[in-house]
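Now for the letters of each chain:
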Amino acid sequence: MTFTNEEEAYHAYNAYAFSKGFGIRKGKKFYNRKNELRGCTFLCCCEGYSEFSPSDDRKTERSLKRCGCVARIRFHIEGGVWEVVEFNDFHNHPFVEDNQKHLIRSCQKITETKGCILNTMVESGIKATKAYSYLTNEAGGAQNVGFTLQDARNFLQSKRMNLISAGDCQSLLKHLQSLQASGSNLFYSFQVDDQNRMTNFFWCDGASRIDYDCFGDVVVFDTTYRTNKYNMVCAPFVGVNNHWKNVLFGCAFMLDETITSFIWIFETSMEAMGGKAPKTIFTDQDSAMANAIGKVFPNSVHRLCVWHISKNATQHISHLLSDSRFKAKFNKIMYEVEMENEMEQLWRDLCEEWNIGENRWLCNLYSLRHKWCPAFNRASFSAGIRSTQRSESTNNVFKHLSCKTMTLTEFVNHYEKQAEKMRDNQVADDFECTRGVPRVSVDCGILRQAEQVYTLKIFKKFQAEYFQGLSWHVTSSKHEGGVYTYTLRRELGHAEHSVSFDSNNVIISCTCRLFDLLGWLCCHALTVMNNHLNMTTIPMQYILKRWTKSARREFLHDDGGSCSFNLTMSKTYHLKELMRQSFDVMSLSVNDVETIKIAKRKLHELDVEIRNYASSVSKSENHTMRNQDNDVPQHASTQILDPLRRKSKGMTNTRLKSAIEKRKKGNSSKGKKHLPPFHGMTPIEQAPILNTDFHVNPSHQTMGLSSNMMSIQHVNAQPFSYTSLLSQGYQGVPSVPQIMFPSDCPP
C-alpha cells in the first residue's frame, strides 16, 4: 500500500485507528547521508512507558496511559512515495468504546474553518464556552465537533500569544504597520519613557477623520474608564453624527492623568485632524485636563459633565439632597434654568435658606458655574450634548468586550470592530433617510422643507419644536428701521422671550438662543415666521449641514479608510451559505434509504475532489509562499517595551461589596500597623515617568506612502509619533486537507 505524502499516510492510519478505537502518534524519522527522508514510523499512543516525574507543583495530575503497546506502521520513502513495509496490529490494551472515540487525542483537530468561527465569535464578545456550545449544537453533539472545550481554550490562548509574540506594544506597532501597506488614512502616535516603555498612545482611522471633518464641532473626551492589564486610561473621542448617534473620532491610552499627558494627547489629536479644533469640548471635572485644554484649545468652549457633578453631589452634599425642596432647586439649576439672573437668584436662595456659603465643594462648584450651568452656555453650540454620558455609553460597549488581562493589541482590534459596527448603523440610517421621508402631521411649507433636508431623527426633534410653538403667543411687537421685534409669552406660566427679525438681511434671533445651542430654530422663531412673517421656508443659513442628509455626501467612502473585505469573515459567510445548502440536501435525503445512500456517495466523491484540488494547489504554491512579515516595515533599532503592569484603582473587575462587608473589612483593619520604610522609601513611592521622545517624520502623510521613506529620529522635546495612511484585512493560513476514514487499512 502506498501514499503520496506524509499527510496522506498519517490520515489514513489515523482513520484506521479511529475505526478500531485507539490513538496514534508520530515516531522516529530516518534520513540518509544527504539528509533525505527515507523512513517514518507511526505508533500507537500507548507505545512505551511514561517517565516518572514529581508532580508536586502541578495543579492537576495526569494519569499514566502508556503501557508498552507494540502496534505500529512503518513506511519506506523513495521518490516521494510512502510504501508500507511493516504493519503490527497487536495491542495489549482494550480499545476505546464507540461513544468515547471522539475523545481520542489524535482524532481531535480544530480545522481552519472552525478556528475562524471560534475567533470570530470570541472577537465579537462571546465567551469560549458559549462559542463551543454553539459549534456543538450546530454539529449535533460534542462527538461530532472534532475537539473538546479545552482544545478550544488552548487554541484561542495560542492565537492570543501569537498575536503578541513580539511583545504587546511591538505587536501593536506591527499591526498598524501592516495596515500601512493597504494605503488607508490611519494616524497613530505614541510616547515612551526613558526605558523605552510606552506611556501614551493615540490612534484614529481614515473614516474617523472624515467623521471629525463633518461632525467635529463638538467633542466628548472622557477618562473615567481603565480597560486593560496595564491599568491605562481609555480615553475615547466621541461626537454626534447627523442621526443623533455616537460617532468615534479616535481613542487614546494614557498611563497617567497629568497636564503633560493631556497636552500631548490633545496636540496629537489636533494634528491627526488637520489642525481643526472643536468648538466645544465636554470633559469631567479634572484640573489637569482643564489646564491642558486652555493651552491646546484656547478658542474652544470647555464644558463640564453635569452627570459627573450630580454623582459627586451625592457624596459631598447627601445631607442636603435628602431635603426634597433643596433637591428640586438644585436640579433646576443643573438642568433647567435658562437665564443667568434666574440662576443667580436660585443660588442665593439656596445660600440663605440652607446656609451653604461655607460648604467648600458647593463654593468650588459655583466658581465653575460658567462651565456647567445651561444658563451660561446657551451661546455655545453643544449639539444637544449635556454630559459625557455619550462617551460613557461608548465605554460600556468596550467594557463588555474587555477584561483586566486584555492587551493593547486586542483592545485595538475590538475598537476597530466596534467602530465598524457603528459605521454600519450609520449606513443603515442613511439608507432609511434616502428611501423615504417621515410623516408630516401638519401640511405647511416649513415642515415640508424640513422633511426634505433633515435626517429622520433631527426632523422629529424639529417637528416637536414646531408644535411647542402652539403654546406661545405674541403679546406685543414693534418695528424700527427694518427690524421687527416680537415679545412672546407662554399660555401657562410667566416665561417670556423676544424674537427679532432683520428684514433687510433675513436674520432672525431669539433670546432663548436655541439655534446657537442645538443648531435648529426654536419654537418662538417658528411661531413668528409662520403666523406673523408669512414665511413658508427656512432661510438656508439656519439649516446646519451637519444635521442634513447630505452631511457626508461629498466624501468618498472608499477613500475614508474603511476596512477592506476581511478574508476570515468571508470564510465564515461562505461556511454559513454551504451549511444552509447542505442542510437542505440532508433534510431531503433522510426521508428514504436510497436517497441516504445517494447523499453519502455524492458527499464522498465531493470530499475526494475538493481534497485533491486543495492538495494540488498547496503543492503549486509552496515555491511562491513567502513570509508575510517581511512585507511589514520593521524598526529594529527601536524596540518599544510594554508598560509596567499596575494595580488598578477605582473601577475593578471584581464583585462590588456590600456596605456590611466594607464595614467588617474596616473593623478588621483597625490596629494594623503601616509598613515601615525600606531604605528610606515607603512601598507606595514610585519614580516619576521621564519621557524620552521620538518622532517619525509626519510629513509622509500622502497616499501611496512608501514604507522605506519612514525613518526614526531621536530628537528632544518632540513626541514619538507615527503617521500613516492604513487598513488591511487579515489573511488566514491555508488549512491542511483531511483524509476520509477508510473502512479498513490492510498491511
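Please refer to the structure placed before this passage.
Residues numbered from 1 in each chain as written. Predicted model: local features only at pLDDT ≥ 70, side-chain atom pairs only at ≥ 80, totals over all residues. Heavy atoms only, no water.

With that settled, consider the packing of helix H7 (residues 259–272) against helix H8 (residues 287–296). Where H7 meets H8, the axes come as close as 8 Å, and the angle between the chain directions of the two elements is 40°. By the criterion of interaxial angle, the relationship of H7 to H8 is oblique. Crossing of H7 over H8 shows right-handed handedness. For the pair formed by H7 and H8, the contact residues are Ile 259, Phe 262, Ile 263, Phe 266, Glu 267 and Met 270 on the first element and Ala 288, Met 289, Asn 291, Ala 292, Ile 293, Lys 295 and Val 296 on the second. Class assignment for the residues of the contact of H7 with H8 results in 10 nonpolar, one polar and two charged. (Axes fitted to C-alpha atoms, helices over the stretch in contact; angles between N-to-C directions. Helix = DSSP H or I, 4+ residues; strand = E, 2+ residues; numbered from the N terminus. Parallel < 35°, antiparallel > 145°, perpendicular 65-115°, else oblique. Left-handed = near helix turned anticlockwise from the far one by under 90°. Contact = heavy atoms within 4.5 Å. Nonpolar A, V, L, I, M, F, W, Y, C, P; charged D, E, K, R; others polar.)

Taken as a whole and judged by the stated rule, the model has 22 salt bridges. By sharing partners, the salt bridges in this structure join Glu 6, Lys 26 and Lys 29 into a single network. (Salt bridge = Lys/Arg side-chain N within 4 Å of Asp/Glu carboxyl O.)

Turning next to the sheet that holds strand S3 (residues 37–44). Strand order in the open sheet formed by five strands is S1-S5-S4-S3-S2, with antiparallel pairing between adjacent strands. The sheet is open, and its two borders are formed by strand S1 (2–3) and strand S2 (24–31), each paired with just one other strand. (Pairing = 2+ DSSP bridges.)

Right, let's talk about unusual backbone geometry for a bit. Here the phi dihedral of Asn 355 falls at roughly 55°; this positive angle occurs in a residue that is not glycine. As for its position among the elements, Asn 355 is in the loop between helix H12 (340–354) and helix H13 (360–367). By relative accessible area, which is 57% here, Asn 355 ends up exposed. Phi is positive for Val 506, which is not a glycine, with a value near 50°. With respect to the helices and strands, Val 506 occurs in the loop between strand S16 (496–502) and strand S17 (507–510). (Buried < 20%, exposed > 50% of the residue type's maximum accessible area, 1.4 Å probe, protein only.)

Looking now at the pairing of strand S5 (residues 81–88). Alignment of S1 against S5, held across two bridges, turns out to be antiparallel. Paired with Thr 2 across the two strands is Glu 83, which belongs to S5. Bridge count between strand S4 (residues 72–78) and S5: seven bridges; the pairing is antiparallel. The residue of S5 that forms the bridge with Glu 78 is Val 81.

Moving on, we come to the side chain of Asn 200. Along the chain, Asn 200 falls in strand S7 (residues 198–204). Within the local environment of Asn 200, its side chain forms a polar contact with the backbone nitrogen of Leu 255, the two atoms lying 3.4 Å apart. Only 3.4 Å separates the side chain of Asn 200 from the side chain of Ser 261, close enough to count as a polar contact. With residues near it in sequence (within four places) discarded, Asn 200 still touches Ser 189, Phe 190, Gln 191, Phe 253, Met 254, Leu 255, Ser 261, Trp 264 and Ile 265. (Polar contact = N/O pair within 3.5 Å; in protein donor to acceptor, adjacent residues only side chain to side chain.)

Attention now goes to a nonpolar patch on the surface. On the surface, a nonpolar cluster with roughly 290 Å² of combined accessible area is contributed by Leu 603, Leu 606 and Ile 610. With respect to the secondary-structure elements, Leu 606 resides in helix H22 (residues 593–621). Leu 606 sits in the partly exposed class, given a relative accessible area of 43%. (Patch = residues over 30% accessible without salt bridge, like charges linked within 9 Å, V, L, I, M, F, W, Y side chains within 5 Å. Areas by Shrake-Rupley, 256 points an atom, 1.4 Å probe, with all protein chains shown as cover.)

Attention shifts here to the environment of Ala 290. Relative to the helices and strands, Ala 290 resides in helix H8. Sequence spacing of Ala 290 and Phe 262 is 28 residues, and the spatial spacing of their C-alpha atoms is 9.2 Å.

Now for helix H2 (residues 112–123). Here H2 spans 16 Å end to end across 12 residues, near enough to the 16 Å set by a 1.5 Å rise per residue. Those residues of H2 not exposed but buried are Glu 112, Gly 115, Cys 116, Ile 117, Leu 118, Asn 119, Thr 120 and Met 121. Two residues or fewer after H2 comes Gly 125, characterised by a positive phi angle close to 100°. (Expected span 1.5 Å × (residues − 1).)

This brings us to the environment of Lys 600. Considering the arrangement of structural elements, one finds Lys 600 in helix H22. As a C-alpha pair, Lys 600 and Ser 589 span 11 residues in sequence and 9.3 Å in three-dimensional space.

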